[in-house]
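So the chains spell out like this:
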Amino acid sequence: MAGVQVANVSRSFGAHKALDNVSIDFADGGFYALLGPSGSGKTTLLRQIAGFDFPDAGRIAIGGESVERVPVEKRRIGMVFQNYALFPNMSVADNVAFGLSVRGEPKATIAAEVQRALDLVQLGKLGGRKPHQLSGGQRQRVALARAIVTKPRVLLLDEPLGALDKALRVDMQIELKRIQREIGITTIFVTHDQEEALTMSDRIGILRDGRLVQEGPPEEIYDRPQSEFAATFLGDANIFRGDATGSGIKLPDGTTIAASTGASVPAGAKASCAVRPERIRISTGAAEPDPAGANMLTGQVSKRIFAGNNSTYFVDRDGQTLKVIVQNTGAERLAEGEPVVLSWSPDSTVLVAAA
Amino acid sequence: MADQLAIGSRRGLKPALPLLLPAYLWLTVAIFLPLSAMVFFSFMTDLPLAGKEWAFTLGNYAAFFSQSLYSTLLFASLRLGLEVTLWCIVIGYPAAYVLAKVLKGRSREAIFLLVILPFWSNGLVRIFSWAMVLREGGILDTALNAVLPFKINIDLMYSYPAVIIGLVHSYVPYMVLTCYLTLQAIDDSLIEAGRSLGASRRQVLWRVIIPLSMPGLIAGAALIFVPVVGSFMEPRILGGRTGTFYGTVIEDQFVAVFNWPLGAALSFILLAVVLIILALAAPVLRRAA
């Protein structure tokens, strides 16, 4: 086991900068998600760490040892591919045995290790099958067993659950997390699924256009995004744009929004406020008054989407549509077209510098 | 899923008949009928031309077994087929690999064209151009002597290597094409997966790429081995006196000696031997594929 350090790594393909001075520390034993839209460079970064491709500049270290010019087969990593990449000509057991057998381990050791790895992923009885006889979830488990049986220093996963259907994906998320805890391996996985990143990882790195936008624990990124992009890419957010006042922003129509978290932006500069939809209280205005200092706006419900345990209201206000999510507590539901009052605490408002 | 497929194919047979018939009619007329006639000939004492007397006989087949010359030549031809096939693998497989896995876009198209080019030229022209290259005072001889500081004599013409060179040149595109198709179907991530598990490029080649491209190697080998064993043009023109093989003897029977029944019998013995070899190899090949 080992941590991974990526320092000032850049990689270009022709004129396209796939990675632009990315630095990120993956601590030993952690579970990291690299999150970003397609083309953000997350897979390129994973391939640099794996050693399929070498950076133009920068340093990559695994367990303190510089590896940026070490080919993949010498890096002692385990990798799970998006399409599993199981060898179709080999049985499940031979697939798992591959890494040990190219190393020249004795046959008896290989057989024992393979069985242990297959037991770990709960496929102990399927060693004799061929990959095409397995379901998607089973193939995923074989790919995982194959990647960890060689006791790699770090486990890399490239959109490992992307090809599975929703229910199976949730099962595999839990399973993957269990196995990762059990063997305590540093794990880096690439995903474009924000929910997967939030539920599985200890830390998330958000990438965009080859740059690291923000990095930290899921709660921190969700509660204190440092940019509009981070706020809207990880979860939903209502964005207000205006001029910084020192304690919030002033919208073009003169309304002020107070923010008590986030960056400090000098008064007068362009700035934005991000508010999560579930932090906003929606009412007809007749109910008990909000505590003093709360942000307050009026608008009109344009649409309501009922989703069982919650409802999403789209509220039109001054040319902007705001999103509010309300838990289903049995309270009266608001009709479309109804004028409403929105209110939320400055504590729920994150100030970010304008993009 | 499998059931659906089976139902689909059963339902598909009847509407498919109009599509299948032309090909099968053509095969019947063009191959089956003449071949049947040849089978008939091979059991005759003489051709029934110009009112000549003829009778049924097994003598043509017996000739193969009574004269060791034929079996010796058959073995020589089988060896020739094996050698040419091996050379085609040695030369064709790496080329197919580069085409399928290394080159992309325009350069792939250009190189591909070069591979197929021999198909576009007439076989005889191809062989005679080799004759010009290989003979003493020919292109190869002159070129080497122009470059090398010492005098060497290269006269490959009318030799066994010349036959091999000509045949490999004619047949290597088959190997490149069949291997290219299977190699191209191998997902690059399999190669990456192998390397991520600690396998060197060579180990990935032997344990992943070659086993997965075995169907292409086998198809290519079959496409090359069978016609080379019966080949007569290259051995005759490039081999001269050393170029007597089973195929040239068969050709002689038809063209020179005018003993069609013996020629036909020798052809069917060759066919039988090739079929036996393929049948014996089938279980091994199937496991490899």
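Residues numbered from 1 in each chain as written. Chains lettered and ligands numbered in written order. Predicted model: local features only at pLDDT ≥ 70, side-chain atom pairs only at ≥ 80, totals over all residues. Heavy atoms only, no water.

## Describing the overall build of chain A
Short version of the rule: A run of H or I in DSSP becomes a helix once it reaches four residues, and a run of E becomes a strand once it reaches two; helices and strands are each numbered from the N terminus. Contacts were defined at the residue level, with two residues in contact if any of their heavy atoms lie within 4.5 Å. Using a 1.4 Å probe, accessible areas were evaluated by the Shrake-Rupley method; residue-level cover was limited to the displayed protein chains.
Check the secondary structure of chain A and you find eight helices and 21 strands. Seen through its principal axes, chain A has C-alpha atoms that stretch 75 × 45 × 30 Å. Sequence-distant contacts in chain A: of pairs separated by 6 or more residues, those separated by 24 or more amount to 66%. Carbon and sulfur atoms make up 50% of the accessible area of chain A, which amounts to about 15,700 Å² in all.

## Looking at the packing of helix 2 (residues 59–66) of chain B against helix 3 (residues 68–102) of chain B
Residue and element names in this part refer to chain B. The line we're drawing: Structural elements are reduced to axes, namely lines fitted to C-alpha atoms, with helices fitted over the stretch in contact, and the angle between N-to-C directions of any two is expressed from 0 to 180 degrees. By the definition adopted for this analysis, an angle is roughly parallel if under 35 degrees, roughly antiparallel if over 145, roughly perpendicular if from 65 to 115, and oblique otherwise. Gly falls in the polar group here, along with every residue not listed as nonpolar (Ala, Val, Leu, Ile, Met, Phe, Trp, Tyr, Cys, Pro) or charged (Asp, Glu, Lys, Arg).
One can describe the packing of helix 2 onto helix 3 by two numbers: an axis separation of 5 Å at closest approach and a directional angle of 75 degrees. One element, helix 2, and the other, helix 3, form an angle in the roughly perpendicular class. Contacts between helix 2 and helix 3 pair Ala63, Phe64 and Ser66 from the former with Ser68, Tyr70, Ser71 and Leu74 from the latter. In the contact of helix 2 with helix 3, the residues fall into four nonpolar, three polar and no charged.

## Some words on the interface of chain A and chain B
We apply this condition: Buried area adds together the accessible area that both of two parts lose upon being put together, with accessible area traced by a 1.4 Å probe. We define a salt bridge as a contact between a side-chain nitrogen of Lys or Arg and a carboxyl oxygen of Asp or Glu at a distance within 4 Å. Polar contact criterion, stated in full: a pair of N or O atoms within 3.5 Å, where within protein one must be able to donate a hydrogen and the other to accept it, and residues adjacent in sequence count only if both atoms are side-chain atoms.
On the side of chain B, 18 residues touch chain A, which itself brings 21 residues to the contact. When the area that chain A buries against chain B is broken down by residue, the three leading residues are Glu73, Phe98 and Val102 of chain A, summing to 32%. Applying the counting rule to chain A against chain B returns two salt bridges. In this structure, Glu192 of chain B engages Arg47 of chain A in a salt bridge whose closest nitrogen and oxygen atoms are separated by 2.6 Å. Seen at the junction of chain A and chain B, the total is six residue pairs in polar contact (both at pLDDT 80 or more). The element that contributes the greatest number of residues to the side of chain A that touches chain B is helix 2 (residues 92–102) of chain A, accounting for four residues. Taken together, the residues of the side of chain A that touches chain B sort by class into 14 nonpolar, four polar and three charged.

## Regarding the pairing of strand 7 (residues 154–158) of chain A
Residues and elements named next belong to chain A. Cut-off, in case you're wondering: For every residue, the accessible area obtained with a 1.4 Å probe (protein chains only) is divided by the maximum for its type, and the residue is called buried under 20%, exposed over 50%, and partly exposed between those limits. Paired strands, in this sense, are two strands between which DSSP finds at least two bridges.
The element strand 7 is largely enclosed, with a buried count of five among its five residues. Bridge analysis of strand 6 (residues 77–80) against strand 7 gives four bridges, and the strand direction is parallel. Counterpart to Gly78 in the pairing with strand 7 is Leu155. Judged from the five bridges that link them, strand 7 and strand 8 (residues 186–191) form a sheet pairing that is parallel.

## Focus: the domain arrangement of chain A
The condition that has to hold: Where a domain begins and ends is set by an automatic assignment or by a domain database.
We note that the domain assignment places domain 1 (4–223) and domain 2 (236–353) within chain A. Each of domain 1 of chain A and domain 2 of chain A has a C-alpha centre, and the two are 39 Å apart.

## A short note on the pattern of salt bridges
All names here are of chain A. In the structure shown here, the tally under the stated rule is 26 salt bridges over all chains. Two residues, Arg153 and Glu65, come together in a salt bridge whose shortest N-O distance is 2.9 Å. Taken together, the positions of Arg153 in the loop between helix 4 (136–148) and strand 7 and Glu65 in strand 5 (residues 65–66) put the pair 88 residues apart, joining distant regions of the chain. Assessed through its relative accessible area of 8%, Arg153 is described here as buried.

## Some points on the side chain of Glu175 of chain A
Its place among the elements puts Glu175 of chain A in helix 5 (residues 166–183). Ignoring any residue separated from it by four or fewer positions in sequence, one finds Glu175 of chain A in contact with Leu120, Val121, Gln122 and Arg141 of chain A.

## Remarks on helix 8 (residues 188–196) of chain B
Counting buried residues along helix 8 of chain B, eight of its nine residues qualify, which places the element largely inside the surrounding structure. The set of residues buried in helix 8 of chain B consists of Ser189, Leu190, Ile191, Glu192, Ala193, Gly194, Arg195 and Ser196 of chain B. Lining the buried residues of helix 8 of chain B we find helix 1 (42–50), strand 6, helix 2 and helix 4 of chain A together with helix 3 and helix 9 (201–212) of chain B. At the N-terminal end of helix 8 of chain B, a side-chain oxygen is found 3.0 Å from the backbone nitrogen of Ser189 of chain B, two or three residues along, and the residue is Asp187 of chain B. In the segment just after helix 8 of chain B, Gly198 of chain B is the residue with positive phi, at about 95 degrees.

## Concerning the sheet that holds strand 4 (residues 57–62) of chain A
Read across the open sheet, the four strands follow the order 2-1-4-5 (chain A); overall the sheet is antiparallel. Bordering the open sheet on either side are strand 2 (16–26) and strand 5 of chain A, each of which pairs with just one other strand.

## Thoughts on helix 1 of chain A
All names here are of chain A. Counted residue by residue, helix 1 has seven buried out of nine residues, so it is predominantly covered. Every buried residue of helix 1 is accounted for by Lys42, Thr44, Leu45, Leu46, Gln48, Ile49 and Ala50. Of the residues trailing helix 1, Gly51 is marked for its positive phi of about 100 degrees.

## Brief notes about the nonpolar core
Threshold: Residues enter a nonpolar core if they are buried and are Ala, Val, Leu, Ile, Met, Phe, Trp, Tyr or Cys, with the set joined through side-chain atoms within 4.5 Å.
Core analysis: the largest hydrophobic core is formed by 70 residues, its most contacted members being Phe26, Leu156 and Ile188 of chain A together with Val84 of chain B. By residue number, the principal contributor to this core is helix 7 (residues 160–184) of chain B, which donates 11 residues. Those residues in contact with Leu156 of chain A, other than ones at most four positions away along the chain, are Leu46, Ile49, Ala50, Ile77, Gly78, Met79, Val80 and Ile188 of chain A. One finds Leu123, Ala147, Ile185 and Ala230 of chain A within the second-largest nonpolar core, a separate group that totals 44 residues.

## Remarks on the pairing of strand 2 of chain A
Residue and element names in this part refer to chain A. As paired strands, strand 1 (residues 4–13) and strand 2 are joined by seven bridges and run antiparallel to one another. Paired with Val6 across the two strands is Ile24, which belongs to strand 2. Hairpin connection between strand 1 and strand 2: a loop of two residues separates the two successive antiparallel strands, and Gly14 in this loop has a positive phi of roughly 65 degrees.

## Quick word on the confidence of the model for chain A
We apply this condition: Confidence of the predictor at the level of single residues is given by pLDDT, which spans 0 to 100.
For chain A, mean pLDDT is 91; residues scoring 70 or higher make up 98% of the total. Per-element confidence in chain A is highest for helix 2 of chain A, whose mean pLDDT is 96, and lowest for strand 14 (residues 261–262) of chain A, whose mean pLDDT is 84.

## Quick notes on the packing of aromatic side chains
Each aromatic ring pair is summarised here by two numbers: the centre-to-centre distance and the angle between the ring planes. For clarity, the threshold we go by: Aromatic rings from Phe, Tyr and Trp, with only the six-membered ring used for Trp, were paired whenever their centres fell within 6.5 Å, and each pair was classed as stacked if the ring planes differed by under 30 degrees, edge-to-face if by over 60, and tilted otherwise. A ring is scored as having a charge over it whenever the NZ atom of a lysine or the CZ atom of an arginine sits within 6 Å of its centre and within 35 degrees of its normal.
This model, assessed by the stated rule, comprises 18 aromatic pairs over all chains. Where Phe43 of chain B meets Tyr61 of chain B, the ring centres are 5.1 Å apart and the plane angle is 35 degrees; that geometry is what we call tilted. Note that Phe43 of chain B is positioned in the loop between helix 1 (2–42) and helix 2 and Tyr61 of chain B in helix 2, a separation of 18 residues in sequence. A ring pair is formed by Phe112 of chain B and Tyr180 of chain B, whose centres lie 4.8 Å apart and whose planes are at 80 degrees; its orientation type is edge-to-face. In this pair, Phe112 of chain B is assigned in helix 4 (residues 105–120) and Tyr180 of chain B in helix 7, connecting sequence segments 68 residues apart. When sorted by exposure, Phe112 of chain B lands in the same class as Tyr180 of chain B, which is buried. Among the aromatic residues, ring-to-ring pairing joins Phe41, Phe254, Phe258 and Trp260 of chain B into one connected group. The residue whose ring lies beneath Arg146 of chain A is Phe87 of chain A, and the NZ or CZ to ring-centre distance is 4.7 Å. The residue whose ring lies beneath Arg276 of chain A is Tyr222 of chain A, and the NZ or CZ to ring-centre distance is 3.8 Å.

## Digging into the packing of helix 9 of chain B against helix 10 (residues 214–229) of chain B
All names here are of chain B. Close contact between helix 9 and helix 10 brings their axes to 4 Å; oriented N to C, the two are set at 55 degrees. When the interaxial angle is binned, helix 9 and helix 10 end up oblique. Mapping the contact onto sequence places Ile210, Pro211 and Leu212 in helix 9 and Met214, Pro215 and Leu217 in helix 10. Looking at side-chain class alone, the contact of helix 9 with helix 10 contains six nonpolar, no polar and no charged residues.

## Describing empty space enclosed by the protein
Residue and element names in this part refer to chain A. Here is the rule we go by: Buriedness for pockets is judged along seven lines, at least five of which must meet protein on both sides within 12 Å for an open set on the 1 Å grid over protein atoms alone, while cavities are sets there where a 1.4 Å probe fits but cannot get out, and lining residues have an atom within 4 Å of a point. Grid points are joined across faces, edges and corners, and a volume is the space filled by probe spheres set on the points.
For the structure on display, the rule yields one cavity of 30 Å³ or more. As a volume, the largest cavity reaches approximately 30 Å³. Residue lining of the largest cavity: Phe31, Leu144, Leu155, Leu157, Leu176, Ile179, Gln180 and Thr187, and that is the complete set. Elements with a contribution of two residues or more to the lining of the largest cavity: strand 7 and helix 5. Of the residues forming the lining of the largest cavity, the biggest block, three residues, is contributed by helix 5. Within the lining of the largest cavity, the residues separate by chemical class into six nonpolar, two polar and no charged.

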